[in-house]
Amino acid sequence: MSNAMSRCLWRDIIIFDGLRTRPEPMAVITEGARIITLSPMSEFDEQWAKDCTEMGRGGVMTPGLVDCHTHLIFGGSRAEEFEARLEGASYEEIAKKGGGIISTVRATRAASEDELFRLAQPRLEALMAEGVTSVEIKSGYGLTLEDELKMLRVARRLGERFPIQVVTTLLGAHALPPEYQDQSDAYVDLVCQEMIPAAAAAGLADAVDVFCEKIAFSVEQCERIFKAAQQHGLPIKIHAEQLSNLGGTAMAARHGALSADHIEYLDDHGIAAMREANTVAVILPGAFHTLRETQQPPIEALRQAGVPMAIATDANPGSSPLFMPTLMLNLACTLFRMTPQEALAGMTAHGATALGLEGLGRLYEGAVANLCVWDVETPAELAYAVQPGRLRHRLFQGVITHGL
């Protein structure tokens, strides 16, 4: 069943619509790329089933998962740093010795576009096998004009080759490259004056991101980059407050950032700025888990302020080499005491909002049929158990790509 124009019917299915679980079993019909019927079984008219392909009964349907923060394109491995951290080295210490992001930069620069595509393919397929239908992919391991554009071209190719929506983000300000040591302002000039204009002109970037931290770029430098991005019509987002509280989140919110990501050290001022700007908080439990951090993001304060919280894998070679979205649901609950409903909303509706994809990550009549059907009885089971193989069907724009 791969014909996007077929009418497909699921019966007696529990619906998580992107924000909440519907209280009674539902019937769902898709036709083409859209959901055309979403009805309680008690109100279902059998006439609606005419010309439908019966897809089964029971289970749970959710929107297709949205992984709104990944670094899927990279060369090399950082397993040795994993060992070093377990022997006592900190993330910051490793970075200062030329490891961390810079070690991946060396390997990524050395790789061709075709090699980077080949390396990224199984990572992307792992996300798709877990129900992801929209994914953000950042650059940030090139740190030259040509290598950043190379990464973005690979990301675009992945979106053309696979049944998944790829959102690309230029993260030129990820780290200071070796050739610009002690010249951070000059490198920021390169990002503002060359990388952003070139990526925008080529249509390779959907947004611009920065790493605002003591080991990366200052609040003032990140603000310069944001202004350049906005001059070229590109939305902005920020890695902020991961290792310390510099105030980057509040600054980004003042500029209308789509999201602020990591935010373990976020304070009340930053939370208030996010609420005012409708900036999404992207929670990344994989990095917290891998780095064995102890400073938790302010989940309760964000909850009380009504700031939407997204969940993402942060899939990357160093701080979160994890490519299993449902594991992130579990970690968000077990590490940060988010509820299963909050976690699942974070990887559907709120994840889509963090990428500016309004309308995606939701199930309603007329919605794009990016959806998943799971062999579980309740949505909470997706966060409760870390268990591959529960995905029964995955639809992307109405086409069944898993479970034929």
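The protein is annotated in an unreviewed UniProt entry as Imidazolonepropionase of Terasakiispira papahanaumokuakeensis. We quote the UniProt Catalytic activity (unreviewed entry) comment for the protein here in full: "4-imidazolone-5-propanoate + H2O = N-formimidoyl-L-glutamate".

Notes on the overall build of the protein
A count of helical and extended segments in the protein gives 15 helices and 16 strands. Against the globule reference of 22 Å for 404 residues, the protein gives a C-alpha radius of gyration of 21 Å, in line with a compact fold. Counting only C-alpha atoms, the protein reaches 70 × 45 × 45 Å along its principal axes. Burial statistics for the protein: of 404 residues in total, 59% are counted as buried. Long-range pairs, those at least 24 residues apart, make up 71% of the contacts in the protein with a sequence separation of at least 6. Here the protein has roughly 15200 Å² of accessible surface; of this, 49% comes from carbon and sulfur atoms. For the protein, the separation between the mean place of its 34 positive charges and that of its 51 negative charges on side chains is 2 Å.

So, the domain arrangement of the protein
Domain parsing of the protein yields domain 1 (7-63 + 362-402) and domain 2 (65-354). Each of domain 1 and domain 2 has a C-alpha centre, and the two are 31 Å apart. Listed per partner, the contact involves 25 residues of domain 1 and 24 residues of domain 2. At the boundary of domain 1 with domain 2, total buried surface from both sides reaches about 1900 Å², with 66% on carbon and sulfur atoms. At the surface where domain 1 touches domain 2, the tally comes to zero salt bridges. Counting across the domain 1 and domain 2 interface gives seven residue pairs in polar contact (both at pLDDT 80 or more). Of all elements in the fold, only strand S5 (60-63), strand S14 (371-374), helix H15 (381-384) and strand S15 (391-396) reach the threshold of two or more residues within the side of domain 1 that touches domain 2. Of the residues forming the side of domain 1 that touches domain 2, the biggest block, four residues, is contributed by S15.

Quick word on the pattern of salt bridges
Oppositely charged side chains are able to pair whenever their charged atoms sit close together. Overall, the coordinates contain 20 salt bridges when judged by the stated rule. Here glutamate 179 ties to arginine 109 by a salt bridge, and the two come within 2.8 Å at their closest N and O atoms. Placement of the pair is glutamate 179 in the loop between strand S8 (165-173) and helix H6 (184-201) and arginine 109 in helix H3 (residues 101-110), with a sequence separation of 70 residues. We note a salt bridge from lysine 138 to aspartate 209, for which the minimum N-O separation is 2.7 Å. Taken together, the residues lysine 138 in strand S7 (residues 132-138) and aspartate 209 in strand S9 (residues 207-212) connect sequence positions 71 residues apart. No difference in accessibility class separates lysine 138 from aspartate 209, as the two residues are buried. A network of salt bridges, in which partner residues are shared, links Glu136, Lys138, Asp209 and Lys237.

Focus on the environment of methionine 195
Here methionine 195 lies in helix H6. The class of methionine 195 is buried, set by a relative accessible area of 1%. Put simply, methionine 195 and leucine 170 are 25 residues apart on the chain and 8.3 Å apart in space, counted from C-alpha to C-alpha. Residues in contact with methionine 195, not counting those within four places in the same chain, are Leu143, Thr144, Leu145, Glu148, Leu170, Gly172, Tyr187 and Leu190.

Notes on the layout of surface pockets
In this model, the largest pocket occupies a volume close to 340 Å³. As for the largest pocket, its lining consists of 20 residues, of which Ala95, Ile102, Ala175, Leu176 and Ile215 are closest to the centre. For the lining of the largest pocket, the secondary structure elements donating two or more residues are helix H2 (91-96) and H3. Here the lining of the largest pocket takes four residues from H2, the largest share from any one element. Residues that form the lining of the largest pocket fall into these classes: ten nonpolar, six polar and four charged. The computed volume of the second largest pocket comes to approximately 180 Å³.

How each quantity is defined
Residues numbered from 1 in each chain as written. Predicted model: local features only at pLDDT ≥ 70, side-chain atom pairs only at ≥ 80, totals over all residues. Heavy atoms only, no water. UniProt positions renumbered as here; feature names shortened; annotations may be inferred. Helix = DSSP H or I, 4+ residues; strand = E, 2+ residues; numbered from the N terminus. Rg over C-alpha atoms; globule rule 2.2 N^0.38 Å. Buried < 20%, exposed > 50% of the residue type's maximum accessible area, 1.4 Å probe, protein only. Contact = heavy atoms within 4.5 Å. Areas by Shrake-Rupley, 256 points an atom, 1.4 Å probe, with all protein chains shown as cover. Lys, Arg positive; Asp, Glu negative; His and termini not counted. Charge placed at Lys NZ, Arg CZ, Asp CG, Glu CD. Domains from an automatic or database assignment. Buried area = accessible area lost by both parts, 1.4 Å probe. Salt bridge = Lys/Arg side-chain N within 4 Å of Asp/Glu carboxyl O. Polar contact = N/O pair within 3.5 Å; in protein donor to acceptor, adjacent residues only side chain to side chain. 1 Å grid on protein atoms, 1.4 Å probe; cavity = no way out; pocket = protein on both sides within 12 Å on 5 of 7 lines; lining within 4 Å. Points joined across faces, edges and corners; volume = space filled by probe spheres on them. Nonpolar A, V, L, I, M, F, W, Y, C, P; charged D, E, K, R; others polar.

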